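What follows is each chain in one-letter form.
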Amino acid sequence: MTQIDDREQGSTFQPRFDASGLLTAVAVDAESREILMLAHMDAEALAKTRETGLAHFHSRSRGRLWMKGESSGHVLRVEQIRVDCDQDALVLIVRPAGPACHTGATSCFYRALDGDSLIRIDD
């Protein structure tokens, strides 16, 4: 089995970080299956998430590691990490302790595109 085949079909975890050293991570509510947020993880964030069971991400704007909920207390407890076929994206199945979005919305995806306008959708 070649490394590509192994990465795509094998059982060895071989995360494929992009040129910036990041993976895309989507947080999904374990109960409702609602998409809560999209963020990025570097190797440090991934390791810290696996070590603690709490979602950690790489803040591109702050250029540093951050734990979701470090200031609000609205942590994401990770139940499972799912890995896509080429290992460059993750889905975190989580139990949120409060709203996932910094705006206070349950999910960061609280608006829908309607023509050229955004309309708020109910939580």
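Details of the structure are given in the entry above.
About the criteria used
- Residues numbered from 1 in each chain as written.
- Predicted model: local features only at pLDDT ≥ 70, side-chain atom pairs only at ≥ 80, totals over all residues.
- Heavy atoms only, no water.
- Helix = DSSP H or I, 4+ residues; strand = E, 2+ residues; numbered from the N terminus.
- Buried < 20%, exposed > 50% of the residue type's maximum accessible area, 1.4 Å probe, protein only.
- Lys, Arg positive; Asp, Glu negative; His and termini not counted.
- Salt bridge = Lys/Arg side-chain N within 4 Å of Asp/Glu carboxyl O.
- Polar contact = N/O pair within 3.5 Å; in protein donor to acceptor, adjacent residues only side chain to side chain.
- Pairing = 2+ DSSP bridges.
- Axes fitted to C-alpha atoms, helices over the stretch in contact; angles between N-to-C directions.
- Contact = heavy atoms within 4.5 Å.

Some words on the side chain of Asp29
Link 1 in the chain: Considering the arrangement of structural elements, one finds Asp29 in strand 1 (residues 23-29).
Link 2 in the chain: Buried and unpaired, Asp29 has Arg95 as its nearest opposite-charge partner, separated by 5.4 Å.
Link 3 in the chain: Polar side-chain contacts of Asp29 include one of 2.7 Å to the backbone nitrogen of Glu31.

Observations regarding the sheet that holds strand 5 (residues 76-83)
Link 1 in the chain: Strand order in the open sheet formed by 4 strands is 2-1-6-5, with mixed pairing between adjacent strands. Here the strands that pair on one side only, and so sit at the sheet edges, are strand 2 (35-41) and strand 5. The mean angle between the axes of side-by-side strands here comes to 25°, regardless of whether they run parallel or antiparallel.
Link 2 in the chain: Pairing geometry for strand 5 and strand 6 (residues 89-96), over 7 bridges, is antiparallel. Residue pairing in the sheet places Arg77 in a bridge with Arg95 of strand 6.
Link 3 in the chain: In this fold helix 2 (residues 43-52) packs onto strand 1, strand 2, strand 5 and strand 6, with an angle of close to 125° to the strand it touches most, strand 2.

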